[in-house]
Amino acid sequence: MNRNVILTCALTGAGDTAGKSEHVPVTPQEIADSGIAAARSGASIIHIHVRDPQTKQGSRDTELYAEVARLIRASDVDPVINMTAGMGGDLVIDPENPTTQLEGTDLVNQTERLKHVEALRPEVCTLDCGTLNFGEGSNTYISTPDMMRAGAARIRELGVKPELEIFDTGNLWFANVMYEEGLLDDPPFYQLCQGIPYGAPVDAGLLHAMVNMLPETAQFTSFAIGRNQLPWVAQSVLAGGHVRVGLEDNLYLSKGVKATNAQLTERAVGIIEGMGSAVASPDEAREMLGLPVAVEERASRHATHQSFTDSALTQEA
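Residues numbered from 1 in each chain as written. Predicted model: local features only at pLDDT ≥ 70, side-chain atom pairs only at ≥ 80, totals over all residues. Heavy atoms only, no water.

### Regarding the overall build of the protein chain
Logical step 1: Across its full length, the protein chain carries eleven helices and 19 strands.
Logical step 2: Judged by the C-alpha coordinates and their principal axes, the protein chain covers about 50 × 45 × 45 Å.
Logical step 3: The 317 residues of the protein chain split such that 51% are buried.
Logical step 4: Residue pairs in contact within the protein chain that sit at least 24 positions apart in sequence constitute 71% of those at least 6 positions apart.
Logical step 5: Accessible surface, the protein chain: about 13300 Å² in total, of which carbon and sulfur atoms supply 50%.
Logical step 6: Between the averaged position of the 23 positive side-chain charges in the protein chain and that of its 42 negative side-chain charges there is a distance of 3 Å. (Helix = DSSP H or I, 4+ residues; strand = E, 2+ residues; numbered from the N terminus. Buried < 20%, exposed > 50% of the residue type's maximum accessible area, 1.4 Å probe, protein only. Contact = heavy atoms within 4.5 Å. Areas by Shrake-Rupley, 256 points an atom, 1.4 Å probe, with all protein chains shown as cover. Lys, Arg positive; Asp, Glu negative; His and termini not counted. Charge placed at Lys NZ, Arg CZ, Asp CG, Glu CD.)

Here you go:
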């Protein structure tokens, strides 16, 4: 069992959930405020997607990421900032004519997926470790071995820690290959995602099988979506891992009761502490993940967020 647990709150995601709960943050101010509240409630890491304020759908706009980061860094909390780099992998095909891309396709190369990471240098960013049939219909998430190797190499060049998104056992196999090839620095940071159709199902036996496949030096988080999110906090701690909650993966605190990110974080803190473990502070999380801990070492990242935002505002003017 893990005695010192990193707690991630995934604030908003990119799914079509903004119309399903009034608590799903959309604008940069709303996302930042929700992240700040989650950090005050105990989150060690906040995981950031951004949304187009007009359409409320997921976005890859670097200026939106910069504003969220600036607002969080200007607050009284200092969580580890983890930005998604998974946007730009959606391919929706016509099942009758598979060479035809349908509405909803947002497919770009790995360089484009990392543009905001290159501009802003967050402490952590995600790297999706495989192609996946994403839900019903004909939506496929595309992440090929060539793309993953290119992404891992570029993320390392930028001085950012990749969080390896593992949706199924084949994803884990290839992430281990990248580690063996020297593309990932110690400790590699894996996230074992369960319950996302159609990747790994929510199954404790499968979780333990995947944990047994991890490199000896690895740190890992696991999470499950929907009603399994909060029970999985205990499951992941028991398996020796860290945990993730948040509105990206689950909208409810209990049946019929819509949650905020702060409430989900508070509930996760209670589960972790009730098991006799402790929630890692942001700096403890940085130590475990091999990130800069000293404030002066992170000052340049904070300045980058502000500088990019100032430059964008000047160009608009």
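### Considering the pairing of strand 3 (residues 45–48)
Logical step 1: Here strand 3 shows a buried face lined by Ile 45 and His 47 and a second buried face lined by Ile 46 and Ile 48.
Logical step 2: Taken together, strand 2 (residues 7–10), helix 1 (residues 28–40) and strand 3 constitute a β-α-β crossover, and its handedness is right-handed.
Logical step 3: Across four bridges, strand 3 lies against strand 6 (residues 80–83) in parallel orientation. Looking at the pairing, Ile 48 lines up with Met 83 of strand 6. (Right-handed = clockwise from strand over helix to strand, strands pointing away. Pairing = 2+ DSSP bridges.)

### Quick word on the pattern of salt bridges
Logical step 1: Enumeration over the complete set of coordinates arrives at 15 salt bridges.
Logical step 2: For Glu 67, the salt bridge identified is with Arg 70, shortest N-O distance 2.8 Å. With Glu 67 and Arg 70 both in helix 2 (residues 62–73), this residue pair falls three residues apart, about one helical turn.
Logical step 3: Residue class for Arg 70 comes out partly exposed when judged on its relative accessible area of 23%.
Logical step 4: Here Arg 286 ties to Glu 123 by a salt bridge, and the two come within 2.6 Å at their closest N and O atoms. With a gap of 163 residues between them, Arg 286 in helix 10 (residues 282–289) and Glu 123 in the loop between helix 4 (115–120) and strand 10 (124–128) connect regions that are remote in the sequence. Taken individually, Arg 286 and Glu 123 each receive the classification buried, so the pair is uniform in this respect.
Logical step 5: The network of salt bridges with shared partners includes Arg 73, Asp 78, Glu 123, Asp 283 and Arg 286. (Salt bridge = Lys/Arg side-chain N within 4 Å of Asp/Glu carboxyl O.)

### Considering the nonpolar core
Logical step 1: In terms of nonpolar packing, the biggest core is built from 31 residues, with Leu 164, Ile 166, Met 178, Tyr 190 and Leu 192 touching the most fellow members.
Logical step 2: Counting residues per element, the ones that place at least two in this core are strand 10, helix 5 (145–157), strand 13 (161–166), helix 6 (169–180), strand 14 (189–194), helix 7 (204–213) and strand 15 (219–224).
Logical step 3: With four residues, helix 6 is the single largest residue contributor to this core.
Logical step 4: Once residues lying within four places of it in the same chain are set aside, the contact partners of Met 178 are Leu 127, Cys 129, Met 148, Arg 149, Ala 152, Leu 183 and Leu 184.
Logical step 5: Counting 23 residues, the second largest nonpolar core, distinct from the first, contains Leu 71, Ile 72, Met 83 and Leu 120. (Core = buried A, V, L, I, M, F, W, Y, C linked by side-chain atoms within 4.5 Å.)

### Some thoughts on helix 10
Logical step 1: Those residues of helix 10 not exposed but buried are Ala 285, Arg 286, Met 288 and Leu 289. For helix 10, the arc enclosing every buried residue in end-on projection is 165 degrees, short of the 170-degree limit, so these residues lie on one face. (Arc of directions from axis to C-beta.)

### A look at the packing of helix 5 against helix 6
Logical step 1: Following both chains from N to C, one finds helix 5 and helix 6 inclined at 45 degrees, their axes separated by 11 Å at the closest point. Classified by the interaxial angle, the pair formed by helix 5 and helix 6 is oblique. Here helix 5 and helix 6 pass one another in a crossing that is right-handed. Residues Pro 145, Met 148, Arg 149 and Ala 152 of helix 5 form the contact with helix 6, whose participating residues are Phe 174, Val 177 and Met 178. (Axes fitted to C-alpha atoms, helices over the stretch in contact; angles between N-to-C directions. Parallel < 35°, antiparallel > 145°, perpendicular 65-115°, else oblique. Left-handed = near helix turned anticlockwise from the far one by under 90°.)

### Notes on the sheet that holds strand 6
The pairing of strands in a sheet comes from backbone hydrogen bonds and takes either a parallel or an antiparallel form.
Logical step 1: Taken together, the eight strands give a closed barrel; going around it, the order is 2-3-6-10-13-14-15-16, and neighbouring strands pair in parallel fashion. For this sheet the average axis-to-axis angle between neighbouring strands, irrespective of direction, equals 25 degrees.
Logical step 2: Sheet topology note: the strand 13/strand 14 ladder contains four bridges and is parallel. Within strand 14, the residue paired with Glu 165 across the bridge is Gln 191.

### A word on the packing of aromatic side chains
Logical step 1: Tallied over the entire structure, the rule returns zero aromatic pairs.
Logical step 2: Residue placement shows Arg 244 over the ring face of Phe 223; its charged tip is 4.1 Å from the ring centre. (Phe/Tyr/Trp six-rings, centres within 6.5 Å; stacked < 30°, edge-to-face > 60°. Lys NZ or Arg CZ within 6 Å of the ring centre and 35° of its normal.)

### Focus on the side chain of Glu 123
Logical step 1: You can call Glu 123 buried: its relative accessible area is 3%.
Logical step 2: One polar contact links Glu 123 to Arg 73, side chain to side chain, over a distance of 2.8 Å.
Logical step 3: Of the polar contacts made by the side chain of Glu 123, one reaches the backbone nitrogen of Ile 81; its length is 3.3 Å. (Polar contact = N/O pair within 3.5 Å; in protein donor to acceptor, adjacent residues only side chain to side chain.)

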